[in-house]
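Observations on the model geometry
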Amino acid sequence: MKALDLLLNRRSQPRLQAPAPAGVVLENIKQAALRAPDHAALTPWKFIVCEGEGLVRLGELYKQAAIQSNKSEADIARATQLPLRAPMVIIAIAEYTEHAKVPWVEQVASASCAVHAMHLAAISQGFDGVWRTGSYAKDAIVKKALDLTDKDEIVGFLYLGTSVLQPMQKPTLDSNDFFKSWN
């Protein structure tokens, strides 16, 4: 797949099934993340790849968080099923390091770029995915279970697998609505 085609046609696919990326394909996805912009070479990212029992474990963590947050019985029951919407979920974390020239927001942006790079790498190799966040990305119980500090952020849960849908058409946006020139 040509790079420009990939960039201009990227889309999220929320309905995923096995297989998930594996072997060299998964390693390429991991390496793409490690090429994200990284001011001062802080490597402000950490990733947890969940598959199989790891997805069940993540669902149980969501369930604990839902119970502690006094969510409805339906939300508590649903919590265990959320990670099972794909055969693989990569938890992407921005691990903050105090630095005079690289603020917190730039480190979070770097980790976010890593998620986007992983998604593009998956698509370019014939897989699909969707980047999700939601309430569990901010939940104190989830963050504590992942050994995060107060300044660390879960920037997303990247769901990866094989799409069960035809690619969704994205509307073409007019770049003039978003870009202004200062000449």
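Quick look at the structure, then. Once a new chain begins, its residue numbering starts again from 1 and follows that chain's sequence as written. Restriction of local features to residues with pLDDT of at least 70 applies here, the model being predicted, together with a cutoff of 80 or more for giving and counting side-chain atom pairs; totals for whole chains, interfaces and linings are based on all residues. Working from all heavy atoms in the structure, the side-chain values ignore hydrogens and water.

**Quick look at helix H3 (residues 53–68)**
For an α-helix, 3.6 residues make a turn, and residues three or four places apart therefore share a direction. Here a helix means four or more residues in a row that DSSP labels H or I, a strand means two or more in a row labelled E, and each is numbered from the N terminus. To estimate the expected span of a helix, count its residues, drop one, and scale the result by 1.5 Å. The end-to-end C-alpha distance of H3, which contains 16 residues, comes to 23 Å, matching closely the 22 Å that a straight helix rising 1.5 Å per residue would cover. Within H3 the residues assigned to the buried category are Leu55, Leu58, Gly59, Leu61, Tyr62, Ala65 and Ala66. All buried residues of H3 lie within an arc of 155 degrees about the axis, which places them on one face of the element. Across H3 from its buried face, at more than 90 degrees, point the exposed residues Glu53, Arg57 and Gln68. Only protein chains enter the accessibility calculation, which uses a 1.4 Å probe; a residue whose area is less than 20% of its type maximum is buried, one above 50% is exposed, and one in between is partly exposed. The directions considered for the arc run from the helix axis to the C-beta atoms.

**A few points about the pairing of strand S3 (residues 88–94)**
Counting buried positions along S3 yields 7 of 7 residues, so the element is predominantly enclosed. With burial as the criterion, each face of S3 is covered, one bearing Met88, Ile90, Ala92 and Ala94 and the other bearing Val89, Ile91 and Ile93. Strand pairing is assigned whenever DSSP identifies at least 2 bridges connecting the two strands. Judged from the 7 bridges that link them, strand S2 (residues 45–51) and S3 form a sheet pairing that is antiparallel. Paired with Phe47 across the two strands is Ala92, which belongs to S3. Across 7 bridges, the pairing between S3 and strand S5 (residues 153–163) is antiparallel. Bridge pairing in S5 links Ile90 to Leu158.

**A look at the nonpolar core**
The set of buried Ala, Val, Leu, Ile, Met, Phe, Trp, Tyr and Cys residues whose side-chain atoms join them within 4.5 Å is what this entry labels a nonpolar core. Among the nonpolar cores identified, the biggest contains 24 residues, and Tyr62, Ile91, Tyr136, Val142, Ile154, Phe157 and Tyr159 are the most heavily contacted of them. Put simply, the parts of the chain that give this core at least two residues each are H3, helix H4 (73–79), S3 and S5. Sequence-distant contacts of Ile91, that is, excluding residues within four places in its chain, are made with Lys46, Phe47, Ile48, Cys50, Leu58, Leu146, Ile154, Gly156 and Phe157. One finds Ala111, Ala122, Leu158 and Leu160 within the second-largest nonpolar core, a separate group that totals 23 residues. Contacts between residues were defined by any pair of non-hydrogen atoms, one from each residue, lying within 4.5 Å.

**Examining the packing of aromatic side chains**
The description of an aromatic ring pair uses the distance of the two centres, along with the angle that the planes make with each other. Here a pair means two rings of Phe, Tyr or Trp (six-membered ring of Trp) with centres within 6.5 Å. Their orientation is stacked below 30 degrees between planes, edge-to-face above 60, and tilted elsewhere. Inspection of the entire model under this criterion finds 2 aromatic pairs. With a centroid separation of 4.4 Å and 10 degrees between ring planes, the pair formed by Tyr62 and Tyr136 is classed as stacked. Separated by 74 residues along the polypeptide, Tyr62 in helix H3 and Tyr136 in the loop between strand S4 (128–132) and helix H6 (140–145) bring together distant segments of the chain. Grouping residues by exposure puts Tyr62 and Tyr136 together as buried. For the ring pair Tyr62 and Phe157, a centre distance of 5.7 Å and an interplane angle of 85 degrees mean the geometry is edge-to-face. In this pair, Tyr62 sits in helix H3 while Phe157 sits in strand S5, placing the two residues 95 residues apart along the sequence. Phe157 shares its class with Tyr62; the two are buried. Through pairs of rings, three or more aromatic residues link up here, namely Tyr62, Tyr136 and Phe157.

**Notes on the environment of Ile123**
Topologically, Ile123 is positioned in helix H5 (residues 104–124). Put simply, Ile123 and Gln68 are 55 residues apart on the chain and 36 Å apart in space, counted from C-alpha to C-alpha.

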